[in-house]
Amino acid sequence: MSKFKGLVSNGQFWEWFWLCWLAFWLLYIVPTLLLWKDNIANLNFMSVMALVLASAAAFQSSLGMRKADSNDKF
């Protein structure tokens, strides 16, 4: 569990994680606009991924709040 705890609290990991997702979504714009604009499965995928990534971003911000709290032993 300490390996996971170390990874989740590592700022460099999150920086690269979000940078990779940013690159993915920027590249994903082209086929979405040109090929899959009427595809319901694509719309579902983007909606689910938006929810997943928003939850991950909220989780990451809560880690920042915990690390800033001097009373938390995280």
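Relevant structure appears above.
Now for a look at the structure at hand. Note on numbering: residues in each chain are counted from 1, in written sequence order. Reporting in this predicted model follows two pLDDT cut-offs: at least 70 for local features of residues, and 80 or more for side-chain atom pairs to be given and counted; totals over whole chains, interfaces and linings ignore these cut-offs and use all residues. Values shown for side chains rest on all heavy atoms present in the structure; no hydrogens or waters enter the calculation.

### Structural notes on the packing of aromatic side chains
For Phe, Tyr and Trp, where Trp contributes only its six-membered ring, two rings pair if their centres lie within 6.5 Å, and the inter-plane angle classes them as stacked under 30 degrees, edge-to-face over 60, or tilted in between. Tallied over the entire structure, the rule returns 14 aromatic pairs. Summarising the aromatic geometry, the rings of Phe 24 and Trp 25 are spaced 5.0 Å apart at their centres and angled 75° between planes, so their arrangement reads as edge-to-face. Grouping aromatic residues by their ring pairs yields a cluster made of Trp 21, Phe 24, Trp 25, Tyr 28, Trp 36 and Phe 45.

### Let's talk about helix 3 (residues 40–68)
Residues spaced three or four apart along an α-helix face the same direction, because each turn holds 3.6 residues. Here helix 3 is 29 residues long and its end C-alpha atoms lie 42 Å apart, about the 42 Å a rise of 1.5 Å per residue gives. Remark: exposure states derive from per-residue accessible area (1.4 Å probe, protein chains only) relative to the maximum for the residue type, with buried under 20%, exposed over 50%, and partly exposed in between. Numbering of helices and strands starts at the N terminus; helices are DSSP runs of H or I of at least 4 residues and strands are runs of E of at least 2. Buried within helix 3 are the following residues: Asn 42, Met 49, Leu 53, Ala 56 and Leu 63. Any two residues whose heavy atoms approach within 4.5 Å at even a single point are treated as in contact. Buried residues along helix 3 sit in contact with helix 1 (2–8) and helix 2 (11–34). What qualifies as a polar contact is a pair of N or O atoms within 3.5 Å, subject to a donor-acceptor requirement within protein and to the restriction that residues adjacent in sequence count only when both atoms come from side chains. By the N-cap criterion, in which a side-chain oxygen at the helix start approaches the backbone nitrogen of a residue two or three places on, helix 3 is capped by Asn 39, the distance to Ala 41 being 2.9 Å. By this rule the span expected of a helix is its residue count minus one, scaled by 1.5 Å.

### Observations concerning helix 2
The end-to-end C-alpha separation of helix 2 is 36 Å, in line with the 34 Å expected for 24 residues at 1.5 Å each. Of all the bends in helix 2, the greatest, near 25°, is centred on Tyr 28, and the proline Pro 31 appears no more than four residues after it. Residues of helix 2 that are buried: Trp 14, Tyr 28, Pro 31 and Thr 32. As for helix 2, its buried residues are in contact with helix 1 and helix 3. The bend at a residue is defined as the angle formed between two axes, one fitted to the seven residues ending at that residue and one fitted to the seven starting there.

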